Amino acid sequence: MAERRIAFGPVFRRALDRVGARPGSPIGRAVATAMRDIAASEELPGPADVRTIVPPTLHVLARLVPGHAIWLLFEANDERVRFVTATRTTPAD
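Residues numbered from 1 in each chain as written. Predicted model: local features only at pLDDT ≥ 70, side-chain atom pairs only at ≥ 80, totals over all residues. Heavy atoms only, no water.

A.B. asks: Explain helix α2 (residues 26–40) here, please?
C.D. replies: Since the α-helix turns once every 3.6 residues, residues separated by three or four places project in the same direction. With 15 residues, α2 extends 21 Å from end C-alpha to end C-alpha; this agrees with the ideal 21 Å at 1.5 Å per step. Contacts made by the buried residues of α2 are with β1 (5–8), α1 (12–18), β3 (58–64), β4 (71–76) and β5 (80–87). (Helix = DSSP H or I, 4+ residues; strand = E, 2+ residues; numbered from the N terminus. Expected span 1.5 Å × (residues − 1). Contact = heavy atoms within 4.5 Å.)

So, in structure tokens, the structure goes:
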């Protein structure tokens, strides 16, 4: 399968600022790598993904950025992965 297109939800960039993931910073590079890994995943959800809900009713997947206490919450299909938010709070299942 070809790599999925990456899209951002309306609050995603602000969420990255809140968790300290600024472009070019070590955290920013780790987040970018995790995003590319998610987009390139052969199958989603993968073994590192958990299912959660963004209130009130948006069902999403979440993956921890390796080496950082940052979770990326996203929706995905075969063509696109849309990053909804980033948080330091462990998602509820």
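A.B. asks: Where do I start with the sheet that holds β3 in this structure?
C.D. replies: One key point about sheets: their strands pair by backbone hydrogen bonds, in either a parallel or an antiparallel sense. Ordered in space as β1-β5-β4-β3-β2, the five strands form an open sheet in which the pairing is mixed. Strands at the two margins of the open sheet, each flanked by one partner only, are β1 and β2 (49–54). Here the average twist between neighbouring strands, direction ignored, is 40°. Alignment of β2 against β3, held across six bridges, turns out to be antiparallel. Paired with Val 50 across the bridge in β3 is Ala 62. (Pairing = 2+ DSSP bridges. Axes fitted to C-alpha atoms, helices over the stretch in contact; angles between N-to-C directions.)

A.B. asks: Teacher, can you tell me more about the packing of aromatic side chains here?
C.D. replies: The relation between two aromatic rings is expressed through the spacing of the ring centres and the mutual angle of the planes. Inspection of the entire model under this criterion finds three aromatic pairs. With a centroid separation of 5.6 Å and an interplanar angle of 35°, the aromatic rings of Phe 12 and Phe 83 are classed as tilted. Of this pair, Phe 12 sits in helix α1 while Phe 83 sits in strand β5, placing them 71 residues apart in sequence. Where Phe 74 meets Phe 83, the ring centres are 5.9 Å apart and the plane angle is 50°; that geometry is what we call tilted. Side by side, Phe 74 and Phe 83 carry an identical accessibility label, which is buried. Taken together, Phe 8, Phe 12, Phe 74 and Phe 83 form an aromatic cluster joined through their ring pairs. A cation sits over an aromatic face here: Arg 13 above Phe 8, 4.5 Å from the ring centre. (Phe/Tyr/Trp six-rings, centres within 6.5 Å; stacked < 30°, edge-to-face > 60°. Buried < 20%, exposed > 50% of the residue type's maximum accessible area, 1.4 Å probe, protein only. Lys NZ or Arg CZ within 6 Å of the ring centre and 35° of its normal.)

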